[in-house]
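# Structure at a glance
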Amino acid sequence: DGDEATTEAIRGPVGKSKDPLTAFFNAILPQNSAGAGKAGERSGGEEAAVRCASSGVAKATGLSVDEMARRVREGLEERSWFVSGKVDASLFSDDFAFSDPSVSAGSLVEYASGVARFFNAESFMKVIFAQPLDDNTIQISWWLSARVNLPWKPRIKPYIVNTIYKLDDQGLVCYQRDYFAIPDWDIALSAVVAGVGAAPALRPPDLSQKSKTKKQSNIFDQIGEMFAPERVGDDNDDIPAVKAWTSELRSHFEGGGLSDEPNKIRQLVYSLASVPMNIDTKKLNGRWRVAWDEGVFGWKAFDPTEGGSAYQIFDTKGLSVVNAVRSSSDKFWIVAGGSFAFEEEKEEYRSPVGVRARIDWANAKAYGYKFSPPFRGTGRFEIMYLDDF
């Protein structure tokens, strides 16, 4: 009995809490019930979610993974069960389980009840894409703008969630794992303090929206004699949000500089970096123009729209890399190079590419003098690469 009481005490918004912060939020949520709750003690939204999850509808067995992905996308667009809890039980196994960085749930009813209990009715979600990863895995990338059922009904900053559905032998969803594009603490803190941490993710366009962006040659073709890379993410052309946000980012680049609206630029960058785009690192060979950074290197001091340039050159066969910056007057430049290695793909399916580099040499020019600065050492970077930018 003691163990059961302890478990009930730490149940989180969707199930069992994995950390003290989530347990604290759970403790001050409206105490309708614990876990799935008891009939008569639940709110209207929670009651509706439990009815959906426990309905005796026939299971949609035998669907192909492509058909299941389509059914999931259409169901989410209609029911928004990631925030309402009103799941389509026909798509889920009776042995369903859920987990994210903060909480877990052992059944579909527990999951649906917890979602409805945690998110206020003003919460909103929007699917960016839903597509198969392999024969028994579906990936859903979606945008969340939520108000939480804490006593003061706070709104948390919009962010992007990447969800993995695993299918069982009958083609039903048996496991769900959510990955947040920003840290847990950042999400929790935004319920109390606004304007800190990652930029809020932009609301994606409708899935049916067709991009009006005219395909342009890669902007790096215009820089020097170095060849431009191949396209590294052709599969991403079918994601309307990626095309729309890339087009808007490019409009800032072409229309007066990336410093004219830094907050909006930061939102665009963080939103794009949150969507799990496929990147073929073998095609990164060539020169890439740096458009935005938040590191210590200071690429933005060499704003290309002001005539300067900051870029990287990859040799993916020889595993060498050159980082270079140049002022608009060409009176000042630094070139540093060495070796690099791409990190293995992350389980979270996030798009920024992890790179570990070792700088072995550097040359520079300043006010007519050339010299070799003592830039040496190793470092790690996360970099997002965009075609047609």
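Just so we're clear, the structure is a prediction, and the values are computed from it rather than from any experiment.

Rules used in this analysis
- Residues numbered from 1 in each chain as written.
- Predicted model: local features only at pLDDT ≥ 70, side-chain atom pairs only at ≥ 80, totals over all residues.
- Heavy atoms only, no water.
- Phe/Tyr/Trp six-rings, centres within 6.5 Å; stacked < 30°, edge-to-face > 60°.
- Buried < 20%, exposed > 50% of the residue type's maximum accessible area, 1.4 Å probe, protein only.
- Helix = DSSP H or I, 4+ residues; strand = E, 2+ residues; numbered from the N terminus.
- Salt bridge = Lys/Arg side-chain N within 4 Å of Asp/Glu carboxyl O.
- Core = buried A, V, L, I, M, F, W, Y, C linked by side-chain atoms within 4.5 Å.
- Contact = heavy atoms within 4.5 Å.
- Polar contact = N/O pair within 3.5 Å; in protein donor to acceptor, adjacent residues only side chain to side chain.

### Thoughts on the packing of aromatic side chains
- Within the structure shown, the criterion is met by twelve aromatic pairs.
- Between Trp81 and Phe82, the ring centres sit 6.5 Å apart and the planes meet at 80 degrees, which makes this aromatic pair edge-to-face.
- On the accessibility criterion, Trp81 (0% relative accessible area) is buried.
- When the centroid spacing of 6.2 Å and the interplanar angle of 70 degrees are considered together, the rings of Phe124 and Trp143 count as edge-to-face. Of the two residues, Phe124 sits in strand β4 (residues 124–134) while Trp143 sits in strand β5 (residues 137–147), which places them 19 residues apart along the sequence.
- Aromatic rings pair up to connect Trp81, Phe82, Phe92, Phe96, Phe98, Tyr111, Trp142 and Tyr165 into one cluster.

### Digging into the pattern of salt bridges
- On inspection of all chains with the given rule, the structure shows nine salt bridges.
- A salt bridge links Arg155 to Glu122, with the shortest nitrogen-to-oxygen separation between them at 3.7 Å. Here Glu122 lies in the loop between α6 (108–118) and β4 and Arg155 lies in strand β6 (residues 155–167), a separation of 33 residues in the sequence.
- Two residues, Lys157 and Asp186, come together in a salt bridge whose shortest N-O distance is 2.8 Å. Separated by 29 residues along the polypeptide, Lys157 in strand β6 and Asp186 in helix α7 (residues 184–190) bring together distant segments of the chain. The same class applies to Lys157 and to Asp186, which are both buried.
- Sharing partners across several salt bridges, the network here consists of Glu67, Arg70 and Glu74.

### What to know about the nonpolar core
- Among the nonpolar cores identified, the biggest contains 48 residues, and Trp81, Phe82, Phe92, Tyr111, Ile140 and Tyr165 are the most heavily contacted of them.
- In terms of residue count, the dominant contributor to this core is α6 (six residues).
- The contacts of Phe92, once residues within four sequence positions are left out, are Lys59, Trp81, Val87, Leu108, Tyr165, Leu172 and Val173.
- Core analysis: the next-biggest nonpolar cluster, separate from the first, contains 19 residues, Ile128, Trp245, Leu268 and Leu272 among them.

### A look at the environment of Gln267
- Along the polypeptide, Gln267 turns up in helix α9 (residues 262–274).
- Sequence separation of Gln267 and Ala201 is 66 residues, and the distance between their C-alpha atoms is 5.9 Å.
- The residues contacting Gln267, other than those within four sequence positions of it, are Ala199, Pro200 and Leu202.
- In this structure the side chain of Gln267 is engaged in a polar contact, spanning 3.1 Å, whose partner is the backbone oxygen of Pro200.

Interpretation in functional terms is not warranted from these geometric data alone.
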